[in-house]
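Residue-level listing of the chains:
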Amino acid sequence: MINYKKYIQEKLFNILNVENISVENPPKENMGDFSVPCFNLRNEELKTPFEVSSYIKDNFVDDKGYFKEITVMGCYINFFLNYNSFDTLVINEIINNSSYGSFNQGNNEKLLLEHTSINPNASPHIGRIRNSLIGDFLGNLFSFVGYVVERHYFINDIGKQISYLLLAYEKYGNSKTTFKDMLELYIKINAESKVDSSIEEKAFYYLNELEHGNKEVREKFKHLTDICVEGQTSILNSIDIHFDIFTHESDFVFDDSTKNILDMLNKKNVLKEDDEGRKYADLSGYDIPTKSPVLVLTRKDNTSLYPLRDIAYTLYKLKRNSNNNYIVLGEDQETYMKQIAAVIDILELKAPVLISYSFVLLNGDKMATRDGKIVLLEDFLEIVKTKLKEEFNTRNILVNEENLSILANACIKYTMYNVSINKCVNFNYKDAISFTGESGIYILYSIVRINSILKSNKYDEGVSLKYINNIEHKIIKELYMFPYIIDSLLTTHEASSLTSYLYKLATLFSSYYENVPISSETDEVLKASRICLLISIKKVLTSALAVLGIKTVDKM
RNA sequence: GUGUCCAUAGCUCAACUGGAUAGAGCACUUGACUACGGAUCAAGAGGCUGGGGGUUCAAAUCCUCUUGGGCACACCA
């Protein structure tokens, strides 16, 4: 595929001897397909931007004939594509290239990505799920552009809260206790601990035994966390989110990892001990926005604190992959990750790249478990499915469970992805369940309409293509942009750019669908060309949706 | 208090990371259903981009002050 911006840049270099001149996409149709602002290109001979743009126009040699027109508009110079050749080129490329959209940026390199890692005592809810979705999106994206992605999940099976849960499980649970029951047990034991101090003592007793290698206690913890993780992952699987590697936090306590880290930090002269006997890493010299630049690593009884175990886990991940290593965490972890990164730097390694996101608000408020201001993922999915069923009933259409799931997933994913990563998602049922206008359903509906036409119209290979409508040029131009959109995501990590792109392409198609006949077109060349266009639109829509982890349906 | 992120139409969000007249959806108003599937399309109305100052040919975007919110700030994970 031709990179027109680069082509223009090379020609401009020949004319002005300036490299990488900014080539933009003009905001309006009458401004052409590519444009170059000439304000910054003034020099001693060309004193005004207008002189520059005129000079470029007079000296630009379009030897390949890509442009049908080059115009000067004020201080901009605008390039108009020669659509006759452009349209055919793009459509042929899309039809023939099985990985259209990818420039193979990953080149089969391995990439490690950690996301979600929910505490075992918690259930995936709309807030937490933002982590999983961003993680899944990144995994799909990296994989799409040719990385070999490994998705990691860290099971925090050793904290105080899991010890509480174990106590509750032993007191009230039985062999039939499920993951969902666990949440109630956890709330119950927390309430009890407020009036009964022996619970906290027992919890610490268990933790201590665990950390000192008591095999029986270890088994208990393992059994409990297995139930929880199984429950969590099956909910996540229901929205098509999967992991390759699960790692237990406790593993790093049972082997020598944490001890080794303390030794290494000691050798670097950053391991200090406070009055009470707690060990901490001295991070002075690093830009850590805390009151004092330290990271506490152990309790006074020498048992490990979470950061120490987390460092051990991070080293484990870096050992598997030191180059492409990513972690998705909420914005509340930013300072903490700076501390971890500092320690990793002291150990002369490169910390994982942090992708952080802002929280999800519920009707403008922060989600709070204790006030019941929380939307569990499974509950939300049920609500959407019920609403969808009603919609199908009014149309007298039978729908299967699988398609219901796909549509419900599309709903929630589109809603969550449509907001920039560092802005809060303001979640409300009304908008999330909306099936009209900008929504996941709208995109899937577009594909259903395409399918409907393709079913009764076959595509003949090798036909010559001809596009005569302005909207066809616009659609093809949009299709051409797809690989560049994908490429930009690698640096911005913004799923919202992709939802915008999908929506724009789908609206263009809808307008096309309403205004240009396809099946009923009598000119065979035009008809075949339009069928090819539909195939191309479908292919790009489907690829983009796949990056967002959204599947498509044949009918709805 | 210090650091950091955010504030754009009544509501929910965009704006190619400094470019041309700030764009969409919902809601509201009007038009198109004997339909290539109306979960749609065509159109209307809606803005001092929280406020002040600055840098620039050019600011929603950068700097500064200010107002209102989120998050973090040693022994939780």
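Above this note sits the structure.
Before going into details, it helps to say that this report is about the structure given with it. What you see is a predicted model, and the numbers here were worked out from it, not measured in a lab. (Residues numbered from 1 in each chain as written. Chains lettered and ligands numbered in written order. Predicted model: local features only at pLDDT ≥ 70, side-chain atom pairs only at ≥ 80, totals over all residues. Heavy atoms only, no water.)

**Brief notes about the pattern of salt bridges**
Alright, step 1. Scanning the model with the defined rule gives 25 salt bridges in all.
Alright, step 2. The closest approach of N and O atoms between R151 and D136, which form a salt bridge, is 2.8 Å. Within this pair, whereas R151 is found in strand β5 (residues 148–155), its partner D136 is found in helix α4 (residues 129–144), the two being separated by 15 residues in sequence. Pair check on accessibility: R151 and D136 agree, each one buried.
Alright, step 3. A salt bridge links D274 to R278; its shortest N-O distance comes to 3.1 Å.
Alright, step 4. Judged by relative accessible area, D274 falls into the partly exposed class, the value being 27%.
Alright, step 5. Within the structure, one salt-bridge network assembled from shared partners comprises D274, E276, R278 and K300. (Salt bridge = Lys/Arg side-chain N within 4 Å of Asp/Glu carboxyl O. Helix = DSSP H or I, 4+ residues; strand = E, 2+ residues; numbered from the N terminus. Buried < 20%, exposed > 50% of the residue type's maximum accessible area, 1.4 Å probe, protein only.)

**Description of the protein's contact with RNA strand B**
Alright, step 1. As a structural note, the neighbourhood of RNA strand B is formed by 75 residues, with Y76, R278, R395, Y513 and M556 the closest of them.
Alright, step 2. In RNA strand B, atoms within 4 Å of the protein come from the sugar-phosphate backbone in 56% of cases.
Alright, step 3. In the environment of RNA strand B, a phosphate oxygen lies 3.0 Å from a nitrogen or oxygen atom belonging to the side chain of N422.
Alright, step 4. A distance of 3.4 Å is found between a sugar or linking oxygen of RNA strand B and a side-chain nitrogen or oxygen belonging to K430.
Alright, step 5. When residues in the surface near RNA strand B are grouped by element, the largest group, seven residues, is from helix α16 (residues 440–456).
Alright, step 6. Here the residues of the surface near RNA strand B sort into 29 nonpolar, 23 polar and 23 charged. (Near = heavy atom within 4 Å. Polar contact = N/O pair within 3.5 Å; in protein donor to acceptor, adjacent residues only side chain to side chain. Nonpolar A, V, L, I, M, F, W, Y, C, P; charged D, E, K, R; others polar.)

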